[in-house]
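# Inside the fold
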Amino acid sequence: MRRITSGTWLVLGLFALWEASARLGWVDSPNWPPVTEVVAALIRDSITGELPLRVGGSLWRMFSGLLAGGLAGVVVGLAFALVPVTARLFGVVVEALRPIPVPAVIPPLVLFLGLDDPMKITVVALTVFFPVLTNTMQGVRAVEVEAIAMGRTFGIGPWRRAAFIVLPACLPYVLAGLRVALGLALVVTVVAEMIAGEQGVGNYLVVMQFAGRAPEMYATVLLLAALGYALNRAFVTLEKRAIHWWFAMGR
Amino acid sequence: MNITRRATLAIPAALAAPSLRAQSLTKMRVSVIPVLDVAPLHAAIREGYFAAEGIEIDTSTTAGGATGLPGLVAGQFRVVFSNVVSIMLGVREGLPFRFVSGASKGKDAPPDILALLVRKGSGITTGRDLEGKRMASNTRNNIVWLRGMAWVEKTGGDWRRVSTVEVPFPQMADALAGGRVDAAIFSEPFVAAALETHGDKLERIGWPISETAPGGTNAQYVAMAEDLAANADLFDRFGRALHKGVDWVNERAGQPALLELIANFSRVPLARLQKTALPAYPKGVTPAELDELVATMQRYGLTGTYPASAGLIHRTARV
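Residues numbered from 1 in each chain as written. Chains lettered and ligands numbered in written order. Predicted model: local features only at pLDDT ≥ 70, side-chain atom pairs only at ≥ 80, totals over all residues. Heavy atoms only, no water.

## Observations regarding the overall build of chain A
Broken down by element type, chain A carries 11 helices and 0 strands. Put simply, chain A runs from its N terminus to its C terminus through helices and strands in the order α-α-α-α-α-α-α-α-α-α-α. For chain A, the spread of C-alpha atoms along the three principal axes comes to 75 × 50 × 30 Å. Residue burial in chain A is summarised as follows: out of 251 residues, 42% are buried. Per element, the accessible surface of chain A, about 13,700 Å² overall, is 73% carbon and sulfur. Positive and negative side-chain charges in chain A, numbering 19 and 14 respectively, have mean positions lying 13 Å apart. (Helix = DSSP H or I, 4+ residues; strand = E, 2+ residues; numbered from the N terminus. Buried < 20%, exposed > 50% of the residue type's maximum accessible area, 1.4 Å probe, protein only. Areas by Shrake-Rupley, 256 points an atom, 1.4 Å probe, with all protein chains shown as cover. Lys, Arg positive; Asp, Glu negative; His and termini not counted. Charge placed at Lys NZ, Arg CZ, Asp CG, Glu CD.)

Given below as structure tokens:
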């Protein structure tokens, strides 16, 4: 078994502080329940199957959005970097759309896409698109000129060069963009679910808030923190496997 | 949640109307807020009244009334539950909302579904004391705010000199106890929750509905005029089923069965609901109650030309 790291001790210490602050009345509000009650609520609603179902739904929406937005980001990023005319045509539009906060575009998206999965997945995809796009473009710029020149010398056409030389070479950048996007995607999924519809973890959070059930509210917050952490760890592991050559080069 | 709701809907429906073909159910999406006022809708769903009329109700919860009415205009919902002030403001702007059914009203005597709370020992007892102070309302320009302003005026204050701060209901008790606002207009079940958890710090000084407009109108169900004209039969069936739900709720006033129903959809703990004041559940909407409301709105700055109220009431709400 691995030794417990100092980071784990810090988390446990913070939980102890939370418990003490609620039990000893340092924070005197019903909206600040002790962490043990929060964990009890988490276990209760996990056993009934409600939370696992909702988490599953949220994750499904998140990964759909991640896939759609990630693919679009890579394709557009490659196009912008390899075919300069596309960047000149669409670059301004993309740069103008990028700084818009996602919660601000949810109302018009509701108008066009409704309140269900299409709207929520689109919101996630939009969020994921931009970091992946920027990183892909940066990645293409970092591809070694010799690699592309050698491809040309061997008579490989532009499509195959993009797919088999440029894309693998810029994969580390794409994956770094996806990792940033992964964290954002979870946040945005929950925000979209909080606004409308009766699906997912976000809706659970709103219902519990309106029912005045603080332990369930914080249980969701804890769950999301754990989920975000686990997703990131899983992604790093996959990343190490996918681009082990990059790490092997000592970069 | 959705799955269990459909399941509970299907079982009584199968018993009540065996001849009904399951495929013939018309889906209607209704926007609701998780509040006590929508108990009849949930009763009608659970008891299978909608299924017996060939309707499947898909409720969509929104945190406030704000997303409901725009969603109705955009065609996302067939029916929206909303507070009457927001509805009438939409009507004033030319939106073709029509009342399909009443939802909730204040009772003629306390306890109200709204209450004005202040900190104990703050010395505030009237609207006059609130002048120059900060008062929390969940939203500006809705029924809660309007009744609060009417209360300020009724108790000798000038509503223009009370500044309104928007605080969501779940955070009101903390904001008030923490001194961030000087008074707050709570709606049930948040009144019961605040007095339960902050009872040593907060006290109630007013009943905004029964002190200013006893039995005053509060919230309704609305639909779009074109949809009502094109699908009058569907909405007749909707109205019939919903009103059977109203009967179910009214027959069980003060009984545990009603509180269990509310606890089920709102997730509010049963123990708290036992201390919660419930609204009156009307079936209809009357021109008189809308006229009274419009007059109050005009008085508190929500001025403008409102169409004649009788024309806004669909036949399902003329009961």
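## Looking at the nonpolar core
The biggest cluster of nonpolar side chains holds 103 residues, and the ones touching the most others in it are Val85(B), Met88(B), Phe99(B), Leu130(B), Met135(B), Phe186(B) and Met297(B). Per-element accounting of this core gives the leading share, 12 residues, to helix H8 (residues 158-195) of chain A. Both domains that furnish three or more residues to this core are identified here as domain 1 (2-106 + 217-317) and domain 2 (114-206) of chain B. When residues no more than four places from it in sequence are discounted, the contact partners of Met88(B) are Phe99(B), Leu293(B), Val294(B), Met297(B), Tyr306(B) and Leu312(B). (Core = buried A, V, L, I, M, F, W, Y, C linked by side-chain atoms within 4.5 Å. Domains from an automatic or database assignment. Contact = heavy atoms within 4.5 Å.)

## So, unusual backbone geometry
Residue and element names in this part refer to chain B. Residue Pro111 is reached from Pro110 by a cis peptide bond, and omega for that bond is 5 degrees. Locating Pro111 in the fold gives a position in the loop between strand E4 (97-105) and strand E5 (114-119). Positive phi values are uncommon outside glycine, yet Asn141 reaches one of about 60 degrees. Position of Asn141 among the secondary structure elements: in the loop between strand E6 (134-137) and helix H6 (143-154). One non-glycine residue, Arg267, lies in positive phi territory at about 70 degrees. With respect to the helices, strands and loops of the structure, Arg267 is situated in the loop between helix H11 (256-266) and helix H12 (270-273).

## Here's the deal with the UniProt feature "transmembrane region" (unreviewed entry) in chain A
Residues and elements named next belong to chain A. When the UniProt feature table is mapped onto this chain numbering, "transmembrane region" (unreviewed entry) sits at residues 62-84, 96-115, 121-143, 164-197 and 217-236. Spanning residues 62-84, this segment combines 96% helix with 0% strand, and its end C-alpha atoms are found 32 Å apart. Secondary structure over residues 96-115 splits into 70% helix and 0% strand, and the C-alpha atoms at its two ends are 26 Å apart. (UniProt positions renumbered as here; feature names shortened; annotations may be inferred.)

## Looking at the confidence of the model for chain B
When pLDDT is averaged across chain B, the result is 87; 91% of the residues are at 70 or more. Low pLDDT, under 50, characterises residues 1-21 of chain B; the stretch is placed with 24 contacts to residues that sit more than four places away or in other chains. (pLDDT = per-residue confidence, 0-100.)

## Notes on helix H7 (residues 169-177) of chain B
Side chains three or four residues apart in an α-helix point the same way, a direct result of the helix having 3.6 residues per turn. Phe169(B), Pro170(B), Met172(B), Ala173(B), Ala175(B) and Leu176(B) are the residues of H7(B) that are buried. Once H7(B) ends, the next one or two residues include Gly179(B), with phi positive near 80 degrees.

## Some details on the packing of aromatic side chains
The full count for this structure, using the stated rule, is 11 aromatic pairs over all chains. Measuring from ring centre to ring centre gives 5.3 Å for Trp18(A) and Trp32(A), while their planes differ by 20 degrees; the resulting arrangement is stacked. Of this pair, Trp18(A) sits in helix H1 (residues 6-23) while Trp32(A) is found in the loop between H1 and helix H2 (35-47), placing the two residues 14 residues apart along the sequence. Measuring from centroid to centroid gives 5.4 Å for Trp159(B) and Tyr300(B), while their planes differ by 75 degrees, and the two rings are edge-to-face. You can see Trp159(B) sitting in the loop between H6 and strand E7 (163-166) and its partner Tyr300(B) sitting in the segment after helix H13 (287-299), a full 141 residues away along the chain. (Phe/Tyr/Trp six-rings, centres within 6.5 Å; stacked < 30°, edge-to-face > 60°.)

## Side note on the domain arrangement of chain B
Residue and element names in this part refer to chain B. Here the domain parsing of chain B yields domain 1 (2-106 + 217-317) and domain 2 (114-206). If you average the C-alpha positions of domain 1 and of domain 2, the two centres end up 27 Å apart. Contact residues are listed per partner, giving 21 residues for domain 1 and 15 residues for domain 2. Note on domain 1 versus domain 2: buried area summed over both sides is about 1,600 Å², and carbon and sulfur give 64% of it. Among the residues of domain 1 in contact with domain 2, Arg272, Lys275 and Tyr300 are the three that bury the most area, contributing 37% of the side total. (Buried area = accessible area lost by both parts, 1.4 Å probe.)

## Considering the interface of chain B and chain A
Across the boundary between the two partners, chain B contributes 27 residues, which contact 27 residues of chain A. Across the chain B/chain A interface, buried area totals approximately 2,300 Å², and carbon plus sulfur atoms make up 51% of it. Taken together, the connections running from chain B to chain A amount to 2 salt bridges. Here Glu50(A) ties to Arg267(B) by a salt bridge, and the two come within 2.8 Å at their closest N and O atoms. For the interface between chain B and chain A, the tally reads 4 residue pairs in polar contact (both at pLDDT 80 or more). Taken together, the elements giving at least two residues each to the side of chain B that touches chain A come down to helix H1 (2-16), strand E2 (55-61), H7 and helix H8 (190-197) of chain B. (Salt bridge = Lys/Arg side-chain N within 4 Å of Asp/Glu carboxyl O. Polar contact = N/O pair within 3.5 Å; in protein donor to acceptor, adjacent residues only side chain to side chain.)

## Digging into the pairing of E7(B)
Residue and element names in this part refer to chain B. Bridge count for E6 against E7 is 4 bridges, and the pairing is parallel. Its bridge partner being in E7, Ser137 is matched across the sheet by Glu166. Handedness of the crossover joining E6 and E7 through H6 is recorded here as right-handed. (Pairing = 2+ DSSP bridges. Right-handed = clockwise from strand over helix to strand, strands pointing away.)

## Regarding the environment of Thr303(B)
Residues and elements named next belong to chain B. Its location among the elements puts Thr303 in the segment after H13. By relative accessible area, which is 46% here, Thr303 ends up partly exposed. When the C-alpha atoms of Thr303 and Val91 are compared, they prove to be 13 Å apart, with 212 residues separating the residues in sequence.

## Some remarks on the UniProt feature "domain: ABC transmembrane type-1" (unreviewed entry) in chain A
Under the local residue numbering, the UniProt record ascribes the feature "domain: ABC transmembrane type-1" (unreviewed entry) to residues 55-235 of chain A. Helix and strand shares over residues 55-235 of chain A are 88% and 0% respectively, and the end C-alpha atoms of the span are 18 Å apart.

## Overview of the sheet that holds E5(B)
Backbone-to-backbone hydrogen bonds join strands into a sheet, with any given pair of strands oriented parallel or antiparallel. Residues and elements named next belong to chain B. Ordered in space as E7-E6-E8-E5-E9, the 5 strands form an open sheet in which the pairing is mixed. With partners counted over all chains shown, the strands left at the sheet margins are E7 and strand E9 (202-206), one partner each. On average, adjacent strands in this sheet sit at an angle of 35 degrees to one another, irrespective of strand direction. Across the face of the sheet, H7 comes into contact with E5, E6, strand E8 (183-187) and E9 while running at roughly 150 degrees to E8. In this fold H8 packs onto E5, E8 and E9, with an angle of close to 125 degrees to the strand it touches most, E8. (Axes fitted to C-alpha atoms, helices over the stretch in contact; angles between N-to-C directions.)

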